[in-house]
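Report on the structure
These are the residues of each chain, in order.
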Amino acid sequence: MSKLWWFAAGAAVGYVFGTRAGREKYDELVITARKVMDHPTVQEAAGVVQAQAARFYDEGLRKLNQHV
């Protein structure tokens, strides 16, 4: 129950800060986040992480099938 209370308190604080910042600040954050996500270095890193995740998934699936 304590974790639920902390989550609710965090959500309430986030809501208050978000409403005080206003729509302009939100839009500014969205634009900045999109610029970061579109950067070639970030795209390259995302591709590497996706390839590693696929490799780990395949490896885990193979090990699981060996035990069954």
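Preceding block: the structure.
**A look at the packing of aromatic side chains**
Counting across every chain of the model gives one aromatic pair. Taken together, a centroid distance of 5.1 Å and an interplanar angle of 85° make the contact between W5 and W6 edge-to-face. Classification of W5 by relative accessible area gives exposed; the value is 54%. Take W6: its relative accessible area is 59%, and that puts it in the exposed class.

**A short note on helix α1 (residues 2-38)**
Note that an α-helix has 3.6 residues per turn; residues three or four places apart therefore point the same way. The terminal C-alpha atoms of α1 lie 39 Å apart, and with 37 residues this falls more than 12% below the ideal 54 Å at 1.5 Å per residue. Of all the bends in α1, the greatest measures close to 100° and is centred on G22.

What counts, and where the lines are drawn
Residues numbered from 1 in each chain as written. Predicted model: local features only at pLDDT ≥ 70, side-chain atom pairs only at ≥ 80, totals over all residues. Heavy atoms only, no water. Phe/Tyr/Trp six-rings, centres within 6.5 Å; stacked < 30°, edge-to-face > 60°. Buried < 20%, exposed > 50% of the residue type's maximum accessible area, 1.4 Å probe, protein only. Helix = DSSP H or I, 4+ residues; strand = E, 2+ residues; numbered from the N terminus. Expected span 1.5 Å × (residues − 1). Bend = angle between axes of the 7 residues up to and from the residue.

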